[in-house]
Structure formats: structure tokens, C-alpha cells
Amino acid sequence: MALIINDLCIACDVCLKACPNKAITVGEDIFYIDPALCTECVGHHAVSQCVKVCPVAACVADPAHRESKDELQKKYEHLKALKAA
Ligand code: SF4
Ligand code: SF4
């Protein structure tokens, strides 16, 4: 499933550079993850980088975007193909 950033976010910027899919953008008060771009880091890293680097544990599973590892892998392949086009 894609991740979501909750209101614990202190807008520290750290996750922005860590995301391999450029799925994170700066919001008005907190940062935002585009669920269409988040693969939970599948295809890039064994663990979600935003979860790993966030100092306040604001990156959590988004129950509105449940996806299996297989679906996340397919999303990764799709994003890779788009990038190569
Ligand atoms: S889990 Fe990975 S791909 Fe998803 S927002 Fe976090 S760093 Fe980006
Ligand atoms: S690392 Fe955590 S606190 Fe910092 S901007 Fe990202 S979600 Fe917010």
C-alpha cells in the first residue's frame, strides 16, 4: 500500500531527497505523498526510505491505498517504463 504522511510531520525536508520515486512534495503545512508514485520503495530498497529517515514517524500506511507487494512491483515496473519513454 502507498504511504501517507500524517500531521506529526514537522516539514523537515529529510524524506524529500530520500524518496527514490519523487513521490513526496511540499504541502502547505505538512508534506504529501502521491499514492500513484509511491511503491513503498519496492524496486529500489528493502525498506521504505521515508519511514527510515523521518524523525517523528509521520510516514505511515495509508488504508485508502492498499496494495500487495506484487501490485507495488507492477507499479514500479510501470513507473520505470514511463521514465524510460
Ligand atoms: S515509501 Fe518510498 S516511494 Fe513511498 S513515499 Fe516513501 S520513500 Fe517514496
Ligand atoms: S521526514 Fe517526516 S517530518 Fe520530515 S518532512 Fe518528511 S514526513 Fe515530514
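Each remark here, short or long, concerns the structure printed above.
Residues numbered from 1 in each chain as written. Chains lettered and ligands numbered in written order. Predicted model: local features only at pLDDT ≥ 70, side-chain atom pairs only at ≥ 80, totals over all residues.

A short note on the overall build of the chain
Stage number 1. Helix and strand counts for the chain stand at three helices and four strands.
Stage number 2. Going from the N terminus to the C terminus, the chain shows its helices and strands as β-α-β-β-α-β-α.
Stage number 3. For the chain, the C-alpha radius of gyration of 12 Å lies close to 12 Å, the compact-globule estimate for 85 residues.
Stage number 4. By principal-axis analysis of the C-alpha atoms, the chain measures approximately 35 × 25 × 20 Å.
Stage number 5. Each of the 85 residues in the chain was classed as buried or not, and the buried ones make up 26%.
Stage number 6. Nonlocal contacts in the chain, meaning residues at least 24 apart in sequence, comprise 69% of its contacts between residues at least 6 apart. (Helix = DSSP H or I, 4+ residues; strand = E, 2+ residues; numbered from the N terminus. Rg over C-alpha atoms; globule rule 2.2 N^0.38 Å. Buried ≥ 20, exposed ≤ 12 C-beta atoms within 10 Å, placed from the backbone. Contact = placed C-beta atoms within 7 Å.)

Notes on the site of ligand 2
Stage number 1. What surrounds ligand 2 is a group of 14 residues, the closest being Cys9, Cys12, Val14, Cys15 and Cys54.
Stage number 2. Residues that form the shell around ligand 2 fall into these classes: 13 nonpolar, no polar and one charged. (Near = placed C-beta within 6 Å. Nonpolar A, V, L, I, M, F, W, Y, C, P; charged D, E, K, R; others polar.)

A few points about the site of ligand 1
Stage number 1. With respect to spatial proximity, 15 residues lie near ligand 1, and among them Cys19, Cys38, Cys41, Ser48 and Cys50 are the closest.
Stage number 2. Residues belonging to the shell around ligand 1 are distributed by class as follows: 10 nonpolar, four polar and one charged.

Observations regarding the environment of Val51
Stage number 1. Its place among the elements puts Val51 in helix H2 (residues 49-53).
Stage number 2. Residues Val51 and Glu40, 11 residues apart in the sequence, show an inter-C-alpha distance of 9.4 Å.

Re the nonpolar core
For soluble globular proteins, the rule of thumb is that nonpolar side chains tend to be buried together.
Stage number 1. Counting 14 residues, the largest nonpolar core has Leu3, Cys15, Ile24, Ile33, Cys50 and Cys59 as its most contacted members.
Stage number 2. Mapped onto this core, the elements with two or more residues apiece are strand S1 (3-5) and strand S3 (31-33).
Stage number 3. Cys59 has contacts with Leu3, Ile5, Cys15, Ser48, Cys50, Val51 and Cys54, leaving out every residue within four places of it along the chain. (Core = buried A, V, L, I, M, F, W, Y, C linked by C-beta atoms within 7 Å.)

So, unusual backbone geometry
Stage number 1. Its identity as a non-glycine residue notwithstanding, Asp13 has a phi of 85 degrees, on the positive side.
Stage number 2. Note that Asp13 resides in the loop between S1 and helix H1 (14-18).
Stage number 3. The exposed category is assigned to Asp13, around which 11 C-beta atoms lie within 10 Å.
Stage number 4. One non-glycine residue, Lys22, adopts positive backbone phi at about 50 degrees.

Digging into the environment of Pro55
Stage number 1. Counting through the fold element by element, Pro55 comes out in the loop between H2 and strand S4 (59-61).
Stage number 2. Between the C-alpha atoms of Pro55 and Tyr76, which are 21 residues apart in sequence, the distance is 26 Å.
Stage number 3. Beyond its immediate sequence surroundings of up to four residues, Pro55 is in contact with Cys12 and Val14.

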